[in-house]
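Residue-level structure breakdown
What follows is the residue order along each chain.
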Amino acid sequence: MQDSNKPYETKVIVGGGEKVQQWSVYLIAVVVYMAIVGSFPFNSFLSGVLSCVGTAVLAICLRIQVNKENKEFKDLPPERAFADFVLCNLVLHLVIMNFLG
Amino acid sequence: MGELTFLVHHFADYQSPLHHIFLVRIFPALLPVEFPVILRNGQKPRISGSVIVIIDLPCCDLSANNRDSQICRFRALYTNRWVFRKVGIELYGLNKKELYIADLMLAVTSLEETYEALRTFEILGIERKADISPATCPLIVENLGSSSSSPKDLFYALKVNGILRCDISAKVFEGIHSKLQAIVKDASSLLDFYYSIGSLVLIKEQGFKSNVLLGDADGIFHSIKALSQSDGRWRHSSNGPGSTIHAAGIALEALAGVVSLASTEVDQSMIDTVENDIMKLFDSLERYDGGAFYFDDKLLDAREHQGPLSTTSSAVRGLTAFATVTSGSLYPPGDKILGLAKFFIGIGIPGSAKDLFNQIDSLASLENNRQSKNDSFSSRKTTLVSIPLILSVPATVLSLTKKDQLKVKVSTVLGSDAPPLTVKLMEAFSSGSKDSSVVENQELKFDPENSVHLLDALPKSIDVGKYIFSFEIVLHDPEQKKVYATGGQTQVLIVVTGFIKIDTAEITVLDSDLGSIETKQKLDLYGENAVSLSANHLQKLRLSFQMTTPHGHAFKPHQAFLKLRHESKVEHIFVVGSSVKQFEIVLDFLGLVEKFYYLSGRYDIQLTVGDAAMENSFLQALGHVNLDLPEPPEKAARPPLQPVDHYLRYGPKQEITHIFRTPGKLPSQELSLTFLGLTLLPFVGFLLGLISLGNLKKFPTSVVPAIFAILFHVGIAAVLLLYMLFWLKLDLFTTLKALGFLGIFLFFVGHRTLSHIASTSAKLKPA
């Protein structure tokens, strides 16, 4: 219902909440993997978990910012929000890669 | 090792032209290595320039492979001081030969020290002139010819010339002569007199002029005598510090020079006064226990302190010099002269060159008195200081078994033959007891071939043991009693050894209550034994034997021990006691149970008997005894821990196996790959969703923005690829650097793309 209001990129990336669901699925998958295999090395597990969580958070943020009905972010052009999203993702993944070990 | 050439720089401050004659000791080696340093033939040394010397240095590694600088310490022996100089070795290629150059600053090696060395060589009969003369003589000539040389330099240069006999022109002597006469007239201090008068004497001896004469001999004599003190000592100058015996020796030499050079005879009364002074000087002679006499100056000022050797040698030199040129009643007591000789001989080999010179020169003065100088100028009788005769026993250990003969040698201090005399063995005391002498007045026969005095056979009363023999020298010609100093009796410690008979040796095990013998075995203590006994704690072990000397007396050795050693290496040592007849030890095991720590088992028996006078001392394993001891109570002492073999400390250590941390359980390959596939699935789904949603239609179609858009996606993909590389291979810094570049690119491109899209959607919106 709100999909048509959303500009093109955000529709792709945010996709009506399915994306968040997708990341939650990822998260569960990582945790299950760790439960099977064991938490050695622990830092790898943590980095996997945190990567899922971080990206989900960023996606939610983007969704909020892009949503036209949201009063707070009215003046923010969606492209700007998207650029922020991309940048934050890149930084997050750098940290994750470092922590992955 | 090999021949090395050092370039030696020395400095004009040091007035030492003869630096190249010295012995060098190198200390980096464990033992000091000493060798002479000579000049390369044909090399003309210059005083304030550089000199090349050749040294063989076994300690410095100066092989072709080792190009580093090294520190080689060396000590110039004559200076008696450490000369620490960094020998920096630099390598120069010179005509394809490596020339090692080093800076060595030599401390003072003076004419005085050179003279001392040469004189020592001369007395000892070591011929060095051929090496030294070519290089030294030019410098002596230079020194003598120079007008700035001090009297001391002239004196020692002339002394060196006296030994080396360099070719010095008469003109040079003429110049020195007039200079010295002037110095003598003006001299006021003792050393000035000494050097100038001594130089004049040397000039006369070296054949320059036969008429070197002192004009005012009486006056000069008086001036020197004025510096003397009433106790025979001399001061250096009239307002100088205290008087010393060392200065007295110097003064006496100077006075002797005056007397020999005097144009008219010196007043006899003055000479008598000096002789009195000399006798008074002998009152301050000090004594060591062994009969050695010496002079020592007791000075408060440590800097001036010369030491007994230096003082005594100065006094002896002065005394003999003065006695040579005068006649009269000068006659120092013979035993004191002998004592002085014993002092010099008793020093052994001194540590420094100066001490060696003092010792050897003084001994030579005492020896050479026998050559009376025929003074052609006057018919003075020369008074001789007595020549000491030294009695020595070359071999102080005599063996009865080998029938050694007692040999005694009598000679002068430097080893020349003595006049005809007889040596008598007056007494011989056993060193332990002060009983009467076992020998009375035996005469030793003289063997002219070997110049030794022999005692044919040791008297029967001399048995095995340590003795003190007293010898006396009796000169054949009673007239010579004044010429030679023989001293009284000389004591020498002699050890007589022999083969000791050991017999009736037996070892028994006794019952302690009844005293009955359980086992008894005879031992042959000359040969091998291997007894095998067994005993328990109620029994006793007894060992007994007798020892007799070759002459049939009972012998008590210094050491007689019995050792019992357990298998566990615990040892017990007992002293074998002696009674009148025999040696016996009884081990009562009942009392020794606790000492043995209750250890039962096999004990090895070892007997040790030894003495200095016993030629057949032995340490023998006798066999073993199996001891049966009761069980130890709880409170018993434990046997002490046996010492670990110290060499084990240096043996190989226990090997350590390193245990690595067990690697964590890693998942199996397939499981990991499955999950990898699972994670990639959503990405695929994402792409499918993209296409289905039809968003790709919104992709900008016109060329320029399209390129930017593509670049944007490429940029993001590149960053992700960089992250993959970072995880796999790169380190953070490289990654950050690359990320910086990519980030800038991406920012630029992304900005263009997104602004383009924004502008298109803005355009669309109103529409």
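In this text the structure is predicted, and so the values were computed from the model without any measurement.

Within chain A one finds four helices and zero strands. Across chain A, helices and strands are ordered from the amino to the carboxyl terminus as α-α-α-α. With 101 residues in all, chain A has 40% of them scored as buried. Just so you have it, chain A exposes about 5,500 Å², and 68% of that area is on carbon and sulfur atoms.

The next point concerns the pairing of strand 29 (residues 618-628) of chain B. Pairing between strand 22 (residues 531-536) of chain B and strand 29 of chain B: six bridges, direction parallel. Of the residues in strand 29 of chain B, the one forming a bridge with B:Val531 is B:Gly623.

Before going further, it helps to examine the packing of helix 3 (residues 151-164) of chain B against helix 4 (residues 170-186) of chain B. Residue and element names in this part refer to chain B. As a packed pair, helix 3 and helix 4 sit with axes 12 Å apart at the nearest point and diverge in direction by 135°. One way to sum up the angle between helix 3 and helix 4 is to call them oblique. Judged by the sense of rotation from one axis to the other, the crossing of helix 3 with helix 4 is left-handed. Between helix 3 and helix 4, the contacting residues are Pro151, Leu154, Leu158 and Asn161 on the first element and Phe173, Ile176, Lys179, Leu180 and Ile183 on the second. Split into classes, the residues belonging to the contact of helix 3 with helix 4 amount to seven nonpolar, one polar and one charged.

Moving on: the packing of helix 6 (residues 217-225) of chain B against helix 7 (residues 245-261) of chain B. Helix-helix packing: each pair is described by the crossing angle between the helix axes and the interaxial distance. Residue and element names in this part refer to chain B. Packing of helix 6 against helix 7 brings their axes to within 10 Å, and their N-to-C directions diverge by 170°. With respect to helix 7, the element helix 6 is oriented roughly antiparallel. Contacts between helix 6 and helix 7 involve Ala217, Ile220, Phe221 and Ile224 from the first element and Ala251, Ala254, Leu255, Val258 and Val259 from the second. When grouped by side-chain class, the residues that make up the contact of helix 6 with helix 7 number nine nonpolar, no polar and no charged.

A word on the UniProt feature "transmembrane region" (unreviewed entry) in chain A. According to UniProt, the feature "transmembrane region" (unreviewed entry) maps to residues 20-38, 44-62 and 82-100 of chain A in the numbering used here. Across residues 82-100 of chain A, helical content stands at 100% and strand content at 0%; the span's end C-alpha atoms are separated by 26 Å.

Residues B:Leu721, B:Met724, B:Trp727 and B:Leu728 make up a contiguous nonpolar surface patch of roughly 430 Å² in combined accessible area. As for its position among the elements, B:Leu721 is in helix 14 (residues 703-728).

Residue and element names in this part refer to chain B. In spatial order, the strands read 21-20-23-27-26; together these five strands make up an open sheet with antiparallel pairing. Lying at the two open borders of the sheet, with one neighbouring strand each, are strand 21 (517-523) and strand 26 (577-578). Pairing geometry for strand 26 and strand 27 (residues 583-588), over two bridges, is antiparallel. The residue of strand 27 that forms the bridge with Gly577 is Glu584.

Considering all chains together, one arrives at one disulfide over all chains under this definition. The disulfide partner of B:Cys137 is B:Cys166, and the S-S distance across this bridge is 1.7 Å. Between B:Cys137 and B:Cys166, the disulfide has an S-S torsion of -80° and is therefore left-handed. Of the two residues, B:Cys137 is situated in helix 2 (residues 129-145) and B:Cys166 in the loop between helix 3 and helix 4; the sequence distance between them amounts to 29 residues. Here B:Cys137 and B:Cys166 have matching classes, each one buried. Left unpaired, A:Cys61 is separated from the closest cysteine sulfur, that of A:Cys88, by 8.1 Å. Judged by its relative accessible area of 37%, A:Cys61 is partly exposed. Accessibility expressed as a relative area gives 37% for A:Cys88, which makes it partly exposed.

Attention now goes to the side chain of B:Lys225. Residue and element names in this part refer to chain B. One can find Lys225 in helix 6. The class of Lys225 is buried, set by a relative accessible area of 16%. Excluding anything up to four places from it in sequence, Lys225 contacts Trp234, Thr273, Val274 and Asp277.

Another aspect to go through is helix 11 (residues 353-368) of chain B. All names here are of chain B. Between its first and last C-alpha, helix 11 extends 22 Å over 16 residues, near the 22 Å set by a 1.5 Å rise per residue. With 12 of its 16 residues buried, helix 11 lies for the most part within the structure. Inspection of helix 11 places Ala353, Phe357, Asn358, Gln359, Ile360, Asp361, Ser362, Leu363, Ala364, Ser365, Leu366 and Glu367 among the buried residues, and these make up the whole buried set. On its buried face, helix 11 is in contact with helix 1 (111-124), helix 9 (308-325), helix 10 (334-346), strand 10 (387-392) and strand 12 (406-412).

We now examine the nonpolar core. Most often, soluble globular proteins keep nonpolar side chains buried together rather than apart. All names here are of chain B. Leu144, Ile197, Phe221, Ile224 and Trp234 are the most contacted members of the largest nonpolar core, which totals 86 residues. Ranked by the residues each element gives to this core, the list is headed by helix 7, at 12 residues. With 69 residues, the next largest nonpolar core counts Leu400, Phe469, Phe583 and Phe618 among its residues.

Scoring rules and cut-offs
- Residues numbered from 1 in each chain as written.
- Chains lettered and ligands numbered in written order.
- Predicted model: local features only at pLDDT ≥ 70, side-chain atom pairs only at ≥ 80, totals over all residues.
- Heavy atoms only, no water.
- Helix = DSSP H or I, 4+ residues; strand = E, 2+ residues; numbered from the N terminus.
- Buried < 20%, exposed > 50% of the residue type's maximum accessible area, 1.4 Å probe, protein only.
- Areas by Shrake-Rupley, 256 points an atom, 1.4 Å probe, with all protein chains shown as cover.
- Pairing = 2+ DSSP bridges.
- Axes fitted to C-alpha atoms, helices over the stretch in contact; angles between N-to-C directions.
- Parallel < 35°, antiparallel > 145°, perpendicular 65-115°, else oblique.
- Left-handed = near helix turned anticlockwise from the far one by under 90°.
- Contact = heavy atoms within 4.5 Å.
- Nonpolar A, V, L, I, M, F, W, Y, C, P; charged D, E, K, R; others polar.
- UniProt positions renumbered as here; feature names shortened; annotations may be inferred.
- Patch = residues over 30% accessible without salt bridge, like charges linked within 9 Å, V, L, I, M, F, W, Y side chains within 5 Å.
- Salt bridge = Lys/Arg side-chain N within 4 Å of Asp/Glu carboxyl O.
- Disulfide = S-S within 2.5 Å.
- Expected span 1.5 Å × (residues − 1).
- Core = buried A, V, L, I, M, F, W, Y, C linked by side-chain atoms within 4.5 Å.

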